[in-house]
Each structure stands twice: as C-alpha cells, then as structure tokens.
Amino acid sequence: MQNNKEKKNVFEIENLSFAYDKHEVLNNLNLSFHEGIVTTMIGPNGCGKSTLLQLMTKNLKPAGGKILLQGEDIAQIRQKQFAQSVAVVHQYNTAPPDLTVEKLVSYGRIPYHKMGVPFDKAKDMERIEWALEITNTTKHKDKTVSQLSGGQKQRVWIAMALAQDAKVLLLDEPTTYLDIRYQLQILRLIRRLNEEYGFTIIMVLHDVNQSLYYSDEIVALKAGKCIAQGSPQQILTGELIQKVYDVTLKVSDIDGKRFILPV
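The name given to the chain in an unreviewed UniProt entry is ABC transporter ATP-binding protein, with Lachnospira intestinalis as the source organism. Per UniProt, the chain carries the Subcellular location (unreviewed entry) text "Cell membrane".

What follows is the structure, given as structure tokens:
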C-alpha cells in the first residue's frame, strides 16, 4: 500500500460539470484520486457517484471541465490506449447466453489487438489464465456465463477487467444484489488486488461500513459536490453523516476501525 506522504494523483477532476436533460448532476467539481490505494465514493442516491465514474471511463462526455489521467486529458486519449491503463466493471453487465466464461474474459485482451497486426497469443493466454486464477473462476471457464450465480458472474466480469492488464480498476457498485457471502468475497478480492498486485482501485459502494473497512480513502459526495475526502479515521464523524445523508447516527471505533451504527 502506498505511503500517504508519497501520494500521486492518478485521476484529477477539474471544474467538472454534467447535466441530464437540464438536471445538473455535477457542477464545477474538483477532486483528485490517488495512485496505489483503494478509494471509495459514498453518498446518497442521485449525488453523482455513478455519473462521475461514467465520465471517468469516457462513457459520458462532460458539459464543462476536464478529467486528467496521469496529467493527460482523457478526451485526448484514444479508447484502446485508455483501456490499456484503466479497466472498468459496470453496475449492470450482460452477456450472450451461449458465451463461455473463458471467451468473455478473453475480451479483456481486445485493447492489445490491432487490425492486420499479429498479436501475442501466448501473452493473451497468460493474462487470461491469471485473471481466472486470481478471481477463482478457472473451474468455471468452460461454462456459459448464464450458468453462473450472481457472485460468480461478478468475479468473471472482474476477471475480464483484469485481463486488460491495466493497473487502474474502476468498479461501480460491485456488490449490488449479492448476498453477504459474495459481497465479502468481492471486497476481499479487491483488497488483495491492491495490496498484493498494486492495483489502484476506485469504486462506488452503498454500504458505508463496508466502504470504511475496505478503503484507504473515502470521497463523500452530495448534490454533485465533494463534501469530504480522506481516510475513514480522518473524516468520518456523526456530523459528516448528518451532512451527507441527512440522518443522525452514532459513529464508533472497533479494533482501530471506524464504523457507523445504522439504527
């Protein structure tokens, strides 16, 4: 894990604005995401978390401002080049019913294929096999995606992102619709990808306590604005929860970790 004193920015958000049908979602947002750590965005529904992630992955175009990836405006980065640096797992994912797990994961190698240019099949297979192994999905590789449970499918989508060989991984609510066992499996996998393999992780979560436990930094958003950013121990207070969610809840420390009592 990267020392806080040596933080470098992987993404910089500068005066970012975005609106849906004249409904302003982000307004002059300024924010930095740091390299080498797990950062989680929290906030109420409609605060702009997923929209910001969609803008950061080039799926949406901002109305104003810009997003820099290691100092370069992502609007100027070609899609395949961008995909070699940043991988994403969206909140909603679909695949053809007859598509096998191994074939889906192989799609992560597409950013390295150029029309008319031979590609490195050995390198492709090495990364595909590694992605399957690290996500514990090798045993499912010959199954169709439609045969898998929700938690298994999510690990396969993460495997496809890992096959891209990008060191920045963005995840939009990766534990949504999963039971607690699969939620913990996914979150522990994310933590391992950061600690053992050096991935920079930026994700959106709704469960605040899971965000606090599995993240190095928290970004709290409300109404398209950054309300607070920092480690859970630095920024998480009852006052912040009241400001972000408009509810009064107790905040406690357990074994050196900060938790919210959601009752």
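Concerning the overall build of the chain
Secondary structure assignment for the chain yields 9 helices and 12 strands. A globule of 263 residues ought to have a C-alpha radius of gyration of about 18 Å, and the chain, at 19 Å, matches this closely. Here the C-alpha coordinates of the chain stretch approximately 55 × 40 × 40 Å along the principal axes. Counting the 263 residues in the chain, one finds 48% classified as buried. Contacts spanning at least 24 positions in sequence make up 66% of the contacts within the chain whose residues lie at least 6 apart. By element, 49% of the accessible surface of the chain is carried by carbon and sulfur atoms, the whole surface being about 13300 Å². Of the charged side chains in the chain, 32 are positive and 29 negative; the average position of the first set lies 2 Å away from that of the second.

So, helix α1 (residues 49–56)
One turn of an α-helix holds 3.6 residues; hence residues three or four places apart share an orientation. Taking burial as the measure, the 8 residues of α1 include 6 buried ones, the bulk of the element. What α1 keeps buried is the set K49, T51, L52, L53, L55 and M56.

Regarding the pairing of strand β1 (residues 9–20)
Two strands pair when backbone bridges link them, and β1 and strand β2 (residues 23–34) are joined in this way by 8 bridges, in the antiparallel orientation. By the bridge assignment for β2, F11 is matched with F33. Hairpin connection between β1 and β2: a loop of 2 residues separates the two successive antiparallel strands, and D21 in this loop has a positive phi of roughly 50°.

Thoughts on the sheet that holds β1
Backbone-to-backbone hydrogen bonds join strands into a sheet, with any given pair of strands oriented parallel or antiparallel. Read from one edge to the other, the open sheet built from 4 strands follows the order β2-β1-β4-β5, with strand pairing classed as antiparallel. The sheet is open, and its two edges are formed by β2 and β5 (72–73), each paired on a single side. Judged from the 5 bridges that link them, β1 and strand β4 (residues 64–69) form a sheet pairing that is antiparallel. Bridge pairing in β4 links E12 to L68.

Some details on the packing of helix α5 (residues 150–163) against helix α6 (residues 180–197)
For the pair α5 and α6, interaxial distance at closest approach is 9 Å and the crossing angle is 20°. Classed by the angle they form, the pair α5 and α6 counts as roughly parallel. α5 and α6 meet at a crossing whose hand is right-handed. Contacts from G151, Q152, Q154, R155, I158 and L162 in α5 reach Y182, Q185, I186, L189 and L193 in α6. For the contact of α5 with α6, the per-class residue count stands at 6 nonpolar, 4 polar and 1 charged.

Regarding a negative patch on the surface
A contiguous patch of negative charge, built from D120, E126, E129 and E133, is present on the exposed surface. Take D120: it is sitting in the loop between α3 (101–106) and α4 (121–134). Owing to a relative accessible area of 46%, D120 belongs among the partly exposed residues under this scheme.

Points about the packing of aromatic side chains
Applying the stated criterion across every chain, the model contains 5 aromatic pairs. Both rings, one in Y213 and one in Y214, keep their centres 5.0 Å apart while their planes meet at 70°; by these two values the pair is edge-to-face. Under the relative-accessibility criterion, Y213 is labelled partly exposed at 39%. Among the aromatic residues, ring-to-ring pairing joins W130, Y197 and F199 into one connected group. Of note, K167 hangs over the ring of F199, and the distance from its end group to the ring centre comes to 4.2 Å. The positively charged end of R181 is found above the aromatic ring belonging to Y182, 4.5 Å away from the centroid.

Structural notes on unusual backbone geometry
A positive phi is found at K22, a non-glycine position, where the angle reads about 70°. Mapped onto the secondary structure, K22 falls in the loop between β1 and β2. Phi angles above zero are rare outside glycine, and A223 is one such case at about 50°. Position of A223 relative to the elements: it lies in the loop between β9 (217–222) and β10 (225–230). A relative accessible area of 63% places A223 in the exposed class.

Some thoughts on the UniProt feature "domain: ABC transporter" (unreviewed entry) in the chain
As annotated by UniProt and renumbered to match this structure, "domain: ABC transporter" (unreviewed entry) occupies residues 11–248. End-to-end, the C-alpha atoms of residues 11–248 are 32 Å apart, and along that stretch the chain is 35% helix and 26% strand.

Cut-off values and rules
- Residues numbered from 1 in each chain as written.
- Predicted model: local features only at pLDDT ≥ 70, side-chain atom pairs only at ≥ 80, totals over all residues.
- Heavy atoms only, no water.
- UniProt positions renumbered as here; feature names shortened; annotations may be inferred.
- Helix = DSSP H or I, 4+ residues; strand = E, 2+ residues; numbered from the N terminus.
- Rg over C-alpha atoms; globule rule 2.2 N^0.38 Å.
- Buried < 20%, exposed > 50% of the residue type's maximum accessible area, 1.4 Å probe, protein only.
- Contact = heavy atoms within 4.5 Å.
- Areas by Shrake-Rupley, 256 points an atom, 1.4 Å probe, with all protein chains shown as cover.
- Lys, Arg positive; Asp, Glu negative; His and termini not counted.
- Charge placed at Lys NZ, Arg CZ, Asp CG, Glu CD.
- Pairing = 2+ DSSP bridges.
- Axes fitted to C-alpha atoms, helices over the stretch in contact; angles between N-to-C directions.
- Parallel < 35°, antiparallel > 145°, perpendicular 65-115°, else oblique.
- Left-handed = near helix turned anticlockwise from the far one by under 90°.
- Nonpolar A, V, L, I, M, F, W, Y, C, P; charged D, E, K, R; others polar.
- Patch = residues over 30% accessible without salt bridge, like charges linked within 9 Å, V, L, I, M, F, W, Y side chains within 5 Å.
- Salt bridge = Lys/Arg side-chain N within 4 Å of Asp/Glu carboxyl O.
- Phe/Tyr/Trp six-rings, centres within 6.5 Å; stacked < 30°, edge-to-face > 60°.
- Lys NZ or Arg CZ within 6 Å of the ring centre and 35° of its normal.

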